[in-house]
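One letter stands for each residue in the lines below.
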Amino acid sequence: MGDTGSAGESRPLWARRIRNERAARGWSQAGAVEALRAHASSELPSNGSLLRNWKRWEAGDAEPDDFYKGLIAATFGTVTAAFFPRPGREDIDKTLMAGTGLDTLEIVTRMRASDVSQATLEGLRITADRLCSEYPYADSADLRVEGHAWLRRMTALLDARLTLAQHRELLALAGTVALLVGCVEYDMGRRTEAEATRRAALQLGEESGDVNVVGWAQEMRAWYALTAGDFRGVVAAAEAGEAAAPRQSVAVQLAAQRAKAWARMGDRRQVELALDQGRRILEGLPYPENLDHHFVVDPAKFDFYAMDCYRIVGENGLAEVYADEVIRSSTDSSGIVRKPMRVAEAQITLGVVAARAGDLDRAVDLGRQALSGNRRSLPSLAMVATDLSSVLAKRYPDSPETRDFADELRAIKAAQTA
């Protein structure tokens, strides 16, 4: 287990993570210093000096400066802002709406005018951001209905008097909302509708010239292929998306989808290459203004990607460290889970680790917690839960708990086609 005992509670989270990451790799503190040096592009102090610093960092007695923060993150294969997170933005919906001073009724009223003002477009931008920010926790059916309603309003507005720039922006905003609706439809198991919506979003992205929309439409194609078991299709879709938007944050998630596919194909080398590519892109991007926006890769999500890959390749210690981090970063200061779908997959990951370690009861309990959530992506949850079910069947084939969990999983899979 990670460093979660009372002795470590007084230390900063980053200090505990440094210790947990090192322990998961089986490194001594001196070995960690050597790894740190191997990742440095400039000369570092002596090993003795670095070792003293490392001990102070792990103890939480001194916080690394910006140079060493980046170096520590690179040593452990993640990004600086995930390892040393900045304060998050809460109540994003209120902040977004306050930014325009427009409510839904006023936006719709202005949309009925014969021409379109910049205030109306700004209201639509804010609305699209709000919808995308509600994705992690909002009810899927409600979000789908609202998304469709706004799509109808946006497409109807295309008949109004628009400048060329306004026309392109409206197409791009409609493409963003279509992406969101496609994600929600796929979460609900409505695969055929989701693919049609994804294609519509891709067309809107191409017509507007918005490479971000095009890239995310290809990312959705990769996601659909991953959950369908078409791993070569994942790689092809990811490459198409990366070609369209090589320097956008979507390129990070495209690299992660490739890493997940290579992990399931058993190619550990390609997994590491894809993760490192995504890490380098993310490290070079500005820190996101809105961590809740579904089509913005927040730094903490890199831990989520790595967790999935390490679970699949059997790196139990690393999978556990990353799962603990995913749960921590997905829960706000008041204990409310802000990203329940990430937490569900982290619970399953911890369940897989427990099953491999011989703790059947903990494994099944964690799996059931994951399956019982209200906000879930059925295809992704079914895929990840199958990993746990397979481990249970292999290690505990005659256990009633194994059979019961398999039955619960079958019900989840049946819901996808209901």
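Before reading on, note that the structure itself is shown above.
These numbers come from a predicted model, not from an experiment. (Residues numbered from 1 in each chain as written. Predicted model: local features only at pLDDT ≥ 70, side-chain atom pairs only at ≥ 80, totals over all residues. Heavy atoms only, no water.)

A. Here's a closer look at the overall build of the chain. When you go through the chain residue by residue, the secondary structure sums to 21 helices and zero strands. Across the 418 residues in the chain, those meeting the buried criterion constitute 53%. Contacts in the chain between residues at least 24 apart in sequence constitute 66% of all its contacts with a sequence separation of at least 6. Only carbon and sulfur atoms are counted for the fraction: they give 50% of the accessible area of the chain, which is about 18000 Å². (Helix = DSSP H or I, 4+ residues; strand = E, 2+ residues; numbered from the N terminus. Buried < 20%, exposed > 50% of the residue type's maximum accessible area, 1.4 Å probe, protein only. Contact = heavy atoms within 4.5 Å. Areas by Shrake-Rupley, 256 points an atom, 1.4 Å probe, with all protein chains shown as cover.)

B. Examining the packing of helix H11 (residues 191-208) against helix H12 (residues 211-228) more closely. Orientation of H11 relative to H12, taken along the N-to-C sense of each, is 155°, at an axis distance of 8 Å. Classed by the angle they form, the pair H11 and H12 counts as roughly antiparallel. In terms of crossing hand, the pair formed by H11 and H12 is left-handed. Where H11 approaches H12, its residues Arg-191, Ala-194, Glu-195, Arg-198, Ala-201, Leu-202, Gly-205 and Glu-206 are matched on the opposing element by Val-213, Val-214, Ala-217, Gln-218, Met-220, Arg-221, Tyr-224 and Thr-227. (Axes fitted to C-alpha atoms, helices over the stretch in contact; angles between N-to-C directions. Parallel < 35°, antiparallel > 145°, perpendicular 65-115°, else oblique. Left-handed = near helix turned anticlockwise from the far one by under 90°.)

C. Structural context of the side chain of Asp-187. Mapping Asp-187 onto the fold places it in helix H10 (residues 164-187). Within polar-contact distance, the side chain of Asp-187 engages the side chain of Ser-377 at 2.6 Å. Those residues in contact with Asp-187 that sit more than four places away from it in its chain are Tyr-135, Trp-223, Met-341, Arg-375, Arg-376, Ser-377, Leu-378 and Pro-379. (Polar contact = N/O pair within 3.5 Å; in protein donor to acceptor, adjacent residues only side chain to side chain.)

D. View of the environment of Gly-284. Counting through the fold element by element, Gly-284 comes out in the loop between helix H15 (268-283) and helix H16 (301-313). Residue Gly-284 is classed as exposed on the basis of its relative accessible area of 63%. Each C-alpha atom, one on Gly-284 and one on Ser-249, is 9.8 Å from the other, the two residues being 35 residues apart in sequence.

E. Focus on helix H3 (residues 47-59). An ideal rise of 1.5 Å per residue puts 18 Å on 13 residues; H3 measures up with 18 Å between its terminal C-alpha atoms. By the burial criterion, the buried members of H3 are Leu-50, Asn-53, Trp-54, Trp-57 and Glu-58. The buried residues of H3 occupy an angular sector of 135° when the element is viewed end-on, so they sit on one face. If you follow the buried residues of H3, they end up packed against helix H1 (13-24), helix H2 (29-38) and helix H4 (66-75). At the C-terminal side of H3, Gly-60 shows a positive phi close to 80°. (Expected span 1.5 Å × (residues − 1). Arc of directions from axis to C-beta.)

F. Layout of empty space enclosed by the protein. Enumeration over the complete set of coordinates arrives at two cavities of 30 Å³ or more. Quantified by volume, the largest cavity comes out at close to 450 Å³. In terms of lining, the largest cavity is formed by 27 residues, of which the most central are Tyr-135, Gln-253, His-294, Lys-301 and Phe-304. Where the lining of the largest cavity is concerned, the elements lending two or more residues are H12, helix H14 (250-264), H16, helix H18 (340-356) and helix H20 (378-395). The element that contributes the greatest number of residues to the lining of the largest cavity is H16, accounting for four residues. Among the residues forming the lining of the largest cavity, the class breakdown is twelve nonpolar, six polar and nine charged. By volume, the second largest cavity is sized at about 40 Å³. Mapped onto the lining of the second largest cavity, the elements with two or more residues apiece are H18 and H20. At three residues, the largest contribution of residues to the lining of the second largest cavity is made by H18. Of the residues that constitute the lining of the second largest cavity, the class distribution is three nonpolar, two polar and two charged. (1 Å grid on protein atoms, 1.4 Å probe; cavity = no way out; pocket = protein on both sides within 12 Å on 5 of 7 lines; lining within 4 Å. Points joined across faces, edges and corners; volume = space filled by probe spheres on them. Nonpolar A, V, L, I, M, F, W, Y, C, P; charged D, E, K, R; others polar.)

G. Examining the pattern of salt bridges more closely. All told, the structure shown has 31 salt bridges when counted by the stated rule. Notably, a salt bridge pairs Arg-25 with Glu-21, separated by 2.5 Å at the nearest N-O pair. Close ionic contact of Asp-387 with Arg-311 constitutes a salt bridge, the shortest N to O distance being 3.0 Å. With Asp-387 in helix H20 and Arg-311 in helix H16, this residue pair connects regions lying 76 residues apart in the sequence. In this pair, the class of Asp-387 matches that of Arg-311, namely buried. (Salt bridge = Lys/Arg side-chain N within 4 Å of Asp/Glu carboxyl O.)

H. Broad picture of the state of the cysteines. Evaluation of the coordinates by the stated rule reveals zero disulfides. With no disulfide partner, Cys-132 has as its closest neighbouring cysteine sulfur the one in Cys-183, 8.5 Å distant. Taking the relative accessible area as the measure of exposure, Cys-132 reaches 0% and is therefore buried. (Disulfide = S-S within 2.5 Å.)

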